[in-house]
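# Structural overview
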Amino acid sequence: TALLSVRDLSVTYRERDSTTQAVRGITFEVGPGEAFGLVGESGSGKSTTAFAIVRFLAEGGHIEGGSVAFRGLDLTKIDDEELREVRANDIGMVYQEPARALNPTMRVGMQLAERLPPRRGGRYVADSPAVLELLERVGFSDPRSIAARYPHEMSGGQQQRIVIGMAVAREPDLLILDEATTGLDTLVEAEVLDLVDGLRRDLGTSMLMISHDLGLIASRCDRVSIMQDGVIVESGSATEVLTSP
Ligand code: ADP
Ligand code: ADP
């Protein structure tokens, strides 16, 4: 059975004198341990879908209909407290701009420490063994020196690996990556995507990968849906989608 099952989801943005139907009745599923890709041009409704799943829509955004079943729980219906738990522990999110997810004035080791699951015996600090282990998991071979850095002392690719570390610190069942490698150099992008593949393999984390880049999605995902103007116009395996007319 699916881990995430989105059914007939519709999302509208209401502004003072206009209404945008950003997502118009889309249906898709992400299975346990699966990498599922959502592809489409800018403005097709991909980010809105990602934000709607965790009910984190921008001002004016409303879920008009449909359901979002996560492990059988309808996220459109649960109360705010339950939703907070799901966001904190079960669904990780990574966006395009790592800088937006990072605190510029806090050492990255400390930012990771704050995301680790609570434990008995006090808080984690920037160089706790659990933090260094998490840094190694996201591909840093010199975790101690990295833990002491501030975000601005790191490259964009390094920053994004920190953000991914924050997102997987509690080993969520699902990781949503919204244009997570857009803007990175090709080689760095491949490194970050290899990291994501590795996490899926090692932790069994399901991936919902969102991108405007069909080639990227097709090379990294088991199944793909293509969005256009708020609807899914095509779905299939990567090969099917790539070879269709
Ligand atoms: P994407 O990179 O997914 O295409 P955009 O660059 O379109 O996203 O949007 C960046 C931010 O601006 C998002 O937070 C989005 O919600 C917001 N946004 C996009 N379109 C509009 C709009 N027409 N009015 C107000 N905010 C918008
Ligand atoms: P994508 O992620 O595929 O680029 P979006 O979900 O960002 O697409 O946008 C889908 C539609 O919703 C677009 O028409 C966009 O302009 C509009 N939109 C996105 N965010 C907002 C917002 N915060 N306010 C109003 N309209 C928005």
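Given the structure is predicted, the values throughout are model-derived calculations rather than measurements.

Our next topic: the site of ligand 2. Around ligand 2, a shell composed of 13 residues is seen, among which G43, G45, K46, S47 and T48 lie nearest. Contacts to ligand 2 include K46, whose side-chain N or O atom sits 2.8 Å from an oxygen atom. Interatomic distance of 2.7 Å between a backbone N/O atom of S47 and an oxygen atom of ligand 2. Protein contact buries 67% of the 550 Å² of open area that ligand 2 shows by itself. Among the elements that line the shell around ligand 2, the one with the most residues is helix α1 (residues 46-53), at 3 residues. Tallied by class, the residues present in the shell around ligand 2 amount to 3 nonpolar, 7 polar and 3 charged.

In this section: empty space enclosed by the protein. One pass over the full model with this rule turns up 1 cavity of 30 Å³ or more. As a volume, the largest cavity reaches approximately 80 Å³. L177, E179, A180, T181, T182, L193, M209, I210, S211, L216 and I217 together form the lining of the largest cavity. No other element matches strand β8 (residues 206-211), which puts 3 residues into the lining of the largest cavity. Here the lining of the largest cavity is built from residues that sort into 7 nonpolar, 3 polar and 1 charged.

Time to look at the sheet that holds β8. Spatially, 6 strands are ordered β6-β7-β8-β3-β9-β10 in an open sheet, and the strand pairing comes out mixed. The open sheet terminates on both sides in strands that have one partner only, identified here as β6 (91-94) and β10 (231-237). The mean inter-strand angle of the sheet, taken between neighbouring strand axes irrespective of direction, is 15°. In the packing of helix α2 (residues 80-90) onto the sheet, contacts are made with β6 and β7 (174-178), and the angle to β6 comes to roughly 70°.

Below, the discussion takes up the sheet that holds strand β5 (residues 73-74). Taken in spatial order, the 4 strands of this open sheet run β2-β1-β4-β5, and their pairing is antiparallel. The two strands at the open ends of the sheet, each matched to only one other strand, are β2 (18-30) and β5.

We now examine the packing of aromatic side chains. What the rule picks out here adds up to 2 aromatic pairs. When the centroid spacing of 5.1 Å and the interplanar angle of 5° are considered together, the rings of F28 and F36 count as stacked. Since its relative accessible area comes to 1%, F36 is described here as buried. Where F51 meets Y95, the ring centres are 5.3 Å apart and the plane angle is 20°; that geometry is what we call stacked. Residue F51 is found in helix α1, and its partner Y95 is found in the loop between β6 and α3 (98-101); the two are separated by 44 residues along the sequence. A relative accessible area of 25% places Y95 in the partly exposed class. One Lys or Arg, R119, reaches over the ring of Y124 and ends 4.1 Å from the middle of that ring. Stacked on the ring of F140, the Lys or Arg R161 has its end atom at 4.4 Å from the ring centre.

Parameters and conventions
- Residues numbered from 1 in each chain as written.
- Chains lettered and ligands numbered in written order.
- Predicted model: local features only at pLDDT ≥ 70, side-chain atom pairs only at ≥ 80, totals over all residues.
- Heavy atoms only, no water.
- Near = heavy atom within 4 Å.
- Polar contact = N/O pair within 3.5 Å; in protein donor to acceptor, adjacent residues only side chain to side chain.
- Areas by Shrake-Rupley, 256 points an atom, 1.4 Å probe, with all protein chains shown as cover.
- Helix = DSSP H or I, 4+ residues; strand = E, 2+ residues; numbered from the N terminus.
- Nonpolar A, V, L, I, M, F, W, Y, C, P; charged D, E, K, R; others polar.
- 1 Å grid on protein atoms, 1.4 Å probe; cavity = no way out; pocket = protein on both sides within 12 Å on 5 of 7 lines; lining within 4 Å.
- Points joined across faces, edges and corners; volume = space filled by probe spheres on them.
- Pairing = 2+ DSSP bridges.
- Axes fitted to C-alpha atoms, helices over the stretch in contact; angles between N-to-C directions.
- Contact = heavy atoms within 4.5 Å.
- Phe/Tyr/Trp six-rings, centres within 6.5 Å; stacked < 30°, edge-to-face > 60°.
- Buried < 20%, exposed > 50% of the residue type's maximum accessible area, 1.4 Å probe, protein only.
- Lys NZ or Arg CZ within 6 Å of the ring centre and 35° of its normal.

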